[in-house]
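Listed below are the residues making up each chain.
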Amino acid sequence: MTTEVMDFVSSQVFGVWFLIGAALVFWMQAGFAMCEAGFTRAKNAGNILMKNLMDFCIGTVTFLLLGFGLFLGEDALGGFLGLPNFDIFTNYASFDWSNFVFNLVFCATTATIVSGAMAERTRFISYCVYSAVISAVIYPIEAHWTWGGGFLARMGFHDFAGSNCIHMVGGICALIGAAMLGARIGKFEKDKEGKVTKVNAFPGHNLPLAALGVFILWLGWYGFNGAAATTVEQLGAIFVTTTIAPAVATVVCMLFTWIKFGKPDVSMSLNASLAGLVAITAPCDVVDALGASIIGIVAGLLVVLGVWFNDYVIHVDDPVGAVAVHMFNGIWGTLAVGLFATNTAPTYSLATESGEELLGLFYGGGFKLLGIQFFGMFVTAAWTAVTIFVTFYIIKKTLGLRVTQEEEIIGLDATEHGLPSAYSGFAINDMSGTMEINANTNLGEEAYEKATEAQKDAAVKVVKETTVPTGAGAAFIDSGMHKVSIIAKLARFDALKKALNDLGVTGMTVTQVMGCGIQKGAGEYYRGVELDATLLPKIKVEVIVSEIPVEEVIAAAKKALYTGHIGDGKIFVYNVSKVVKVRTGEEDFAALQDVE
């Protein structure tokens, strides 16, 4: 009788812990949002927050209607999928509510991983579509193979909490999506043959926010890995391995980057913590402390090599390191089960369908479990690659995956959501990125050639000061040197810089400024209320010319800035009475010869 009571109490306690674990996994959405926002640029922060919010909300709708049935419905087609059903609507009284919520939050995590790799240049509507497809079809079917009684589960394939089913799948989706989408403008510089000659860094705008995201994710991971534990001993062991692997990975990454780059890299170390967590997710219940340590060592090195591989070998732009963290280490964690699984772990139960115990290669089990793990990883990867490629291809041909060049430079907060800034009231300085001629580039030259002179003058206004006094009561003279001050949209900076460089102007002072007001007809809204006046990002470019005719500078600037819309910019021309180069003491014309 006492045993029955204890079993009942234990089942109730772990039933509650199961739901607490689900809540912790849901809380990881906040971690992903903070981490991704911090690793990217301020002008896209609102867009990133919106995507992470909609991952879960859209995922809930699609998982409710289709995904849950494909995942945990009655087994069909030889363990390939579950049969869709509407039991949650038709048989709610006896529905497994806890199981639904638990698997829902894991499903949403898979879709969220993709967001980071495709950040800063993806159309929001396209993001919503592919997020829905992942949650409705791609994830539920492959998860059924492992966790829904499918063919991989029958073979003895083991993925306790999702290195394979969640992280590798999300990472593969991220890699293929980022590759098909293309790099952010200015990430890779190429020569005339199209060969990448330089990789540019785009630092995240808020590392404290990214660090907060990592700590939130690490906390949530105790629920991610531990929620399915059925005994106190098993839960304790899972907490131990879930702590050791990321800690070791972070230390190894810190030392490696310290040696390689001369300084310990902050952002890479943050990535390493997540890499260790991803790698331990599949084997967290079947490895000991030594195994978890080795898994962490490899993860700490693998994340650095993965980032390098993306940047310098395959040239895929991944702003947050999602592919290195989730795909590379998801694969590693899945295979690590076949290397380090040991029956000294509490409640160890790895076995084939016939009951044969399976152990890791380094613990006397031979290659059998490793082979099963490799097969499970391979078929899951193949399914994911094919289905996500088809999804992205259809979206690219219909809705389009990528925003325009101008929208990308302005930022997705403003162009996709009508949000002037996610940091209203703060001055944000973000002029990173160099424009290259590509499929998303439009310098506006065709529109400029078609426009009348009156239209050009109305769009880009020119104000001239023709003379300057030399002293009190003195006559006005023209010095032959002129300062041209150009105020324009931030999105036109690269086009303007190129036009001035082509003209021979190589020295310029560039300042990011904020204009107070709103352009006529903009119609921007915040929380349903039209914005009356706000700070709009502008640039001020100042050049001093002498030999180059000022009229040529004006003409080049007007051509570069013209779009035909209100707010293209203004050009102010001033006479300059004196120029002195501090380093050499040269004056006037001589002082300007190295910048024109």
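Residues numbered from 1 in each chain as written. Predicted model: local features only at pLDDT ≥ 70, side-chain atom pairs only at ≥ 80, totals over all residues. Heavy atoms only, no water.

K.L.:
Is there a simple way to think about the packing of aromatic side chains in this case?
P.N.:
Each aromatic ring pair is summarised here by two numbers: the centre-to-centre distance and the angle between the ring planes. On inspection of all chains with the given rule, the structure shows 26 aromatic pairs. Centroid distance Tyr130 to Phe392: 4.9 Å. Interplanar angle 70°. Geometry classified as edge-to-face. Here the residue Tyr130 occupies a position in helix 5 (residues 124–147), and Phe392 occupies one in helix 13 (residues 368–398), the gap between them amounting to 262 residues. Between Phe309 and Phe328 the ring centres are 6.1 Å apart and the planes differ by 75°, which places this aromatic pair in the edge-to-face class. Of this pair, Phe309 sits in helix 11 (residues 289–313) while Phe328 sits in helix 12 (residues 322–340), placing them 19 residues apart in sequence. Within the aromatic cluster, the residues linked to one another by ring pairs are Phe18, Phe102, Phe106, Trp221 and Phe224. The residue whose ring lies beneath Lys51 is Tyr127, and the NZ or CZ to ring-centre distance is 5.0 Å. Over the ring of Tyr574 we find Lys483, and its NZ or CZ is 5.2 Å from the ring centre. (Phe/Tyr/Trp six-rings, centres within 6.5 Å; stacked < 30°, edge-to-face > 60°. Helix = DSSP H or I, 4+ residues; strand = E, 2+ residues; numbered from the N terminus. Lys NZ or Arg CZ within 6 Å of the ring centre and 35° of its normal.)

K.L.:
In this structure, what is going on with the packing of helix 18 (residues 493–503) against helix 19 (residues 550–561)? I would like to understand it.
P.N.:
The geometry of a pair of packed helices is captured by two quantities: the angle between their axes and the separation between those axes. Their axes nearest at 9 Å, the elements helix 18 and helix 19 cross at an angle of 150°. Accordingly, the angle class assigned to the pair helix 18 and helix 19 is roughly antiparallel. Considering how the two elements wind past one another, helix 18 and helix 19 form a crossing that is right-handed. Between helix 18 and helix 19, the residues in contact are Ala495, Leu496, Ala499, Leu500 and Leu503 and Glu552, Val553, Ala556, Ala557, Ala560 and Leu561, respectively. For the contact of helix 18 with helix 19, the class distribution of residues is 10 nonpolar, no polar and one charged. (Axes fitted to C-alpha atoms, helices over the stretch in contact; angles between N-to-C directions. Parallel < 35°, antiparallel > 145°, perpendicular 65-115°, else oblique. Left-handed = near helix turned anticlockwise from the far one by under 90°. Contact = heavy atoms within 4.5 Å. Nonpolar A, V, L, I, M, F, W, Y, C, P; charged D, E, K, R; others polar.)

K.L.:
What is the right way to read the confidence of the model for the protein from this model?
P.N.:
Interpretation of this model should avoid reading the predicted coordinates in detail wherever pLDDT is low. Residue-level pLDDT values for the protein average 86, and 84% of them are 70 or greater. Of the regions scoring below 50 in pLDDT, residues 433–445 engages in 33 contacts with residues more than four places distant in sequence or in other chains. (pLDDT = per-residue confidence, 0-100.)

K.L.:
Honestly, the packing of helix 5 against helix 7 (residues 163–181) in this entry has me stumped. Any pointers?
P.N.:
Where helix 5 contacts helix 7, the two axes come as close as 10 Å, and the packing angle between them is 140°. With respect to their mutual orientation, helix 5 and helix 7 come out oblique. Once helix 5 is placed against helix 7, the crossing between them reads as right-handed. Each of Ile134, Tyr139, Glu142, Thr146 and Trp147 in helix 5 lies in contact with helix 7, whose residues at this interface are Cys165, Ile166, Val169 and Cys173. Of the residues contributing to the contact of helix 5 with helix 7, the split by class is seven nonpolar, one polar and one charged.

K.L.:
Is there a simple way to explain the side chain of Ser131 in this structure?
P.N.:
Within the element layout of this structure, Ser131 appears in helix 5. Not counting chain neighbours up to four residues away, the residues in contact with Ser131 comprise Asp55 and Ala111.

K.L.:
Just to check I follow, could you spell out the pattern of salt bridges for this structure?
P.N.:
Proximity of charged atoms lets side chains of opposite charge pair with each other. Scanning the entire structure with this criterion turns up nine salt bridges. In this structure, Glu120 and Arg184 form a salt bridge, with 2.5 Å as the shortest nitrogen-oxygen distance. With Glu120 in the loop between helix 4 (97–117) and helix 5 and Arg184 in the loop between helix 7 and strand 3 (188–190), the pair connects residues that are 64 residues apart, well separated along the chain. A single burial state applies to Glu120 and to Arg184, both of which are buried. With a closest N to O distance of 3.2 Å, Lys498 and Asp502 form a salt bridge. Of this pair, Lys498 and Asp502 both sit in helix 18, separated by four residues, roughly a single helical turn. Looking at Lys498, the relative accessible area reads 39%, which means it is partly exposed. (Salt bridge = Lys/Arg side-chain N within 4 Å of Asp/Glu carboxyl O. Buried < 20%, exposed > 50% of the residue type's maximum accessible area, 1.4 Å probe, protein only.)

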